[in-house]
Amino acid sequence: MAGVFGRHYHSPNRCERTEMAEPDDTDASFLLDLGRHVRTMRGRRGMSRKVLAKVSGISERYIAQLESGKGNVSIMLLRRISEALATPLEDLLPSNESSADWPVIRDLVRRATPVQIAHAKDVLSGLGRFGGLEREATFHGIALIGLRGAGKSTLGKMLADSIGWSFVELNREIERQNGLSVSEIIALYGQEGFRRMEQTALSRLLARQEPIVLATGGGIVSEPITFDQILTSFYTIWLKAEPEEHMARVRGQGDLRPMADDRAAMQELRTILQSREPLYARAAGVLDTAGLSVEAAAQKLVAMVSPVLSRDGGAFGLREAAP
């Protein structure tokens with residue numbers, strides 16, 4: 001079966017297998033770390049092994065070996081995996097870099113003009129001024145993040161009605177601006193194209209200068225610049241639930257993307273959640289909806305944002321959440 005990019009599934013050929021040397025302890029440790037990185041990035045993208053195999057053209061079995069630290073992968077196969085995940089190749093490699101801001105800085109530098117890079121070099125070297133480079137944080141409202149089935153749309157609408165703000169679902173805004181469904185966008189332009197449209201849609205929302213309750217897509221945290229824009233522009237709340245509750249809610253909605261027909265759906269969901277948890281945890285607030293009814297969760301959410309509205313919402317002349 002051909003992959004999305006027109007490639008066929010691939011397993012290492014006999015030549016590749018015979019040339020693979022037995023790894024020493026250092027190599028084995030590196031391969032284990034590499035496998036964890038690949039599994040983490042796959043989880044953040046919300047892709048099952050089956051989907052990654054289809055998009056990359058690499059066999060699902062070989063990807064499983066790689067993630068378990070047993071796949072002595074070639075650089076060409078690793079490049080195909082990075083392309084399928086729409087993530088830089090270096091993000092798959094083990095690194096000691098622990099700063100959450102590093103991916104943001106790296107992606108900003110990649111998009112910068114020569115003049116902007118020159119200014120950044122001056123600032124970092126202590127020769128320049130921060131003046132024009134400082135970013136003034138502006139309050140744009142409340143953003144809800146979390147895995148699919150967390151209740152972002154349901155609770156977001158209820159919160160918006162309670163405080164008299166507009167409710168925007170970012171994925172629906174992307175569809176409206178581009179005249180295509182999310183699935184059509186991904187099929188035509190891939191994950192990378194969708195993420196570009198996501199960032200454009202967010203920028204246009206911020207340009208309105210109007211506070212909103214925003215429900216984001218579950219995978220937005222995997223895009224460093226876009227997620228950083230969410231964190232600095234909104235009071236961000238992570239809607240958290242148990243994996244079983246996420247699955248039950250998704251199935252209740254009749255939506256099994258990207259886990260349709262996957263017998264390991266629950267394990268894949270756990271992988272996605274585990275991979276994204278450190279990013280979701282960067283939110284300003286966390287609302288654990290485990291075991292709560294919709295009404296009880298909505299009341300807790302309104303209570304959480306009331307102090308925020310008192311502090312920041314007053315600039316817009318808006319009322320606080322109803323008691």
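Thresholds, definitions, all that
Residues numbered from 1 in each chain as written. Predicted model: local features only at pLDDT ≥ 70, side-chain atom pairs only at ≥ 80, totals over all residues. Heavy atoms only, no water. Helix = DSSP H or I, 4+ residues; strand = E, 2+ residues; numbered from the N terminus. Contact = heavy atoms within 4.5 Å. Phe/Tyr/Trp six-rings, centres within 6.5 Å; stacked < 30°, edge-to-face > 60°. Buried < 20%, exposed > 50% of the residue type's maximum accessible area, 1.4 Å probe, protein only. 1 Å grid on protein atoms, 1.4 Å probe; cavity = no way out; pocket = protein on both sides within 12 Å on 5 of 7 lines; lining within 4 Å. Points joined across faces, edges and corners; volume = space filled by probe spheres on them. Pairing = 2+ DSSP bridges. Core = buried A, V, L, I, M, F, W, Y, C linked by side-chain atoms within 4.5 Å. Axes fitted to C-alpha atoms, helices over the stretch in contact; angles between N-to-C directions. Parallel < 35°, antiparallel > 145°, perpendicular 65-115°, else oblique. Nonpolar A, V, L, I, M, F, W, Y, C, P; charged D, E, K, R; others polar. Patch = residues over 30% accessible without salt bridge, like charges linked within 9 Å, V, L, I, M, F, W, Y side chains within 5 Å. Areas by Shrake-Rupley, 256 points an atom, 1.4 Å probe, with all protein chains shown as cover. Salt bridge = Lys/Arg side-chain N within 4 Å of Asp/Glu carboxyl O. Expected span 1.5 Å × (residues − 1). Arc of directions from axis to C-beta.

*Asks:* Explain the environment of Val-286 residue by residue, including any values.
*Replies:* Here Val-286 lies in strand 5 (residues 285–288). When the C-alpha atoms of Val-286 and Thr-236 are compared, they prove to be 8.6 Å apart, with 50 residues separating the residues in sequence. The contact partners of Val-286, leaving out residues within four places of it in the chain, are Trp-238, Lys-240 and Met-304.

*Asks:* Go over the packing of aromatic side chains with me, naming the residues and quoting the values.
*Replies:* Any aromatic ring pair is given by two values, namely how distant the centres are and how the planes are angled relative to each other. Across all of its chains, the model carries two aromatic pairs by this definition. Each ring, one from Phe-139 and one from Trp-165, has its centre 6.1 Å from the other, and the planes form 65 degrees; the classification is edge-to-face. With Phe-139 in the loop between helix 7 (114–124) and strand 1 (141–145) and Trp-165 in the loop between helix 8 (152–163) and strand 2 (166–169), the pair connects residues that are 26 residues apart, well separated along the chain. Like Phe-139, the residue Trp-165 is buried in the burial classification.

*Asks:* Which residues make up the layout of surface pockets, and what values go with them?
*Replies:* Considered as a void within the structure, the second largest pocket measures approximately 1200 Å³ in volume. In terms of lining, the second largest pocket is formed by 43 residues, of which the most central are Met-41, Arg-44, Asp-91, Pro-103 and Arg-106. Of all the secondary-structure elements, those providing two or more residues to the lining of the second largest pocket are helix 2 (25–45), helix 6 (102–111), helix 10 (182–207), helix 11 (224–233) and helix 13 (265–280).

*Asks:* An account of the pairing of strand 5 is requested, with residue identities and associated values reported.
*Replies:* Two faces make up the sheet, and in a regular strand the side chains alternate between them. Across the two faces of strand 5 the burial differs, with Gly-285 and Leu-287 buried and Val-286 and Asp-288 not buried at all. Here strand 4 (residues 235–240) runs beside strand 5; their pairing, made up of four bridges, is parallel. Looking at strand 5, one finds that Trp-238 is bridged to Val-286.

*Asks:* Account for unusual backbone geometry, with residues named and values stated.
*Replies:* Residues other than glycine seldom take positive phi values, yet Ala-86 does so here, at roughly 55 degrees. Among the secondary structure elements, Ala-86 is positioned in the loop between helix 5 (75–85) and helix 6. Even without being glycine, Gln-209 reaches a positive phi, approximately 55 degrees. Mapped onto the elements of the fold, Gln-209 is located in the loop between helix 10 and strand 3 (212–215).

*Asks:* Tell me what's going on with the nonpolar core, and back it up with residues and numbers.
*Replies:* Ranked by internal contacts, the top residues of the largest apolar core, which has 31 residues, are Leu-214, Ile-230 and Phe-234. Mapped onto this core, the elements with two or more residues apiece are strand 1, helix 9 (170–178), helix 10, strand 3, helix 11 and helix 13. Ignoring sequence-local partners within four residues, the contact set of Ile-230 consists of Ala-143, Leu-202, Leu-214, Thr-216, Ile-220 and Thr-236.

*Asks:* Run through the packing of helix 2 against helix 13, naming residues and quoting values.
*Replies:* Contact geometry of helix 2 with helix 13 gives a least axis separation of 7 Å together with a crossing angle of 95 degrees. Judged by the angle between their axes, helix 2 and helix 13 are roughly perpendicular. Where helix 2 approaches helix 13, its residues Arg-39, Thr-40, Arg-42, Gly-43, Arg-44 and Arg-45 are matched on the opposing element by Glu-268, Thr-271, Ile-272, Ser-275, Arg-276 and Leu-279. Class assignment for the residues of the contact of helix 2 with helix 13 results in two nonpolar, four polar and six charged.

*Asks:* Can you break down the sheet that holds strand 5 residue by residue, with the values?
*Replies:* Overall, parallel pairing links the five strands, which are arranged 2-3-1-4-5 in an open sheet. The sheet is open, and its two edges are formed by strand 2 and strand 5, each paired on a single side. Neighbour to neighbour, the strand axes of the sheet diverge by 20 degrees on average, direction disregarded. Relative to strand 4, strand 1 runs parallel, the two being bridged by four bridges.

*Asks:* Report on a nonpolar patch on the surface, specifying residues and quantitative values.
*Replies:* A surface patch of nonpolar side chains, amounting to about 340 Å² of accessible area, comprises Trp-102, Ile-105, Val-109 and Ile-117. Per element, the largest residue contribution to the nonpolar patch is three residues, and it comes from helix 6. Checked against the element boundaries, Ile-117 lands in helix 7. The class for Ile-117 is partly exposed, based on a relative accessible area of 32%.

*Asks:* Mind laying out helix 8, listing which residues take part and the relevant values?
*Replies:* Counted at 1.5 Å a residue, the expected span for helix 8 with its 12 residues is 16 Å, and the 16 Å between its end C-alpha atoms agrees. Turning to helix 8, its buried residues are Lys-152, Leu-155, Gly-156, Leu-159, Ala-160, Ser-162 and Ile-163. Seen from one end, helix 8 has its buried residues packed into an arc of 160 degrees, which puts them on one side. Two residues or fewer past helix 8, Gly-164 is found with a positive phi of approximately 80 degrees.

*Asks:* I'd like to hear about the pattern of salt bridges, residue by residue, with values.
*Replies:* Tallying each qualifying case throughout the model produces 13 salt bridges. Here Glu-223 and Arg-45 are joined by a salt bridge, their closest N and O atoms 2.1 Å apart. One end of the pair, Glu-223, is in the loop between strand 3 and helix 11; the other, Arg-45, is in helix 2, with 178 residues separating them in the sequence. Across the pair, exposure class does not vary: Glu-223 and Arg-45 are buried alike. Salt bridges here are not isolated pairs; linked through shared partners, they connect Arg-42, Arg-49, Glu-67 and Glu-268.

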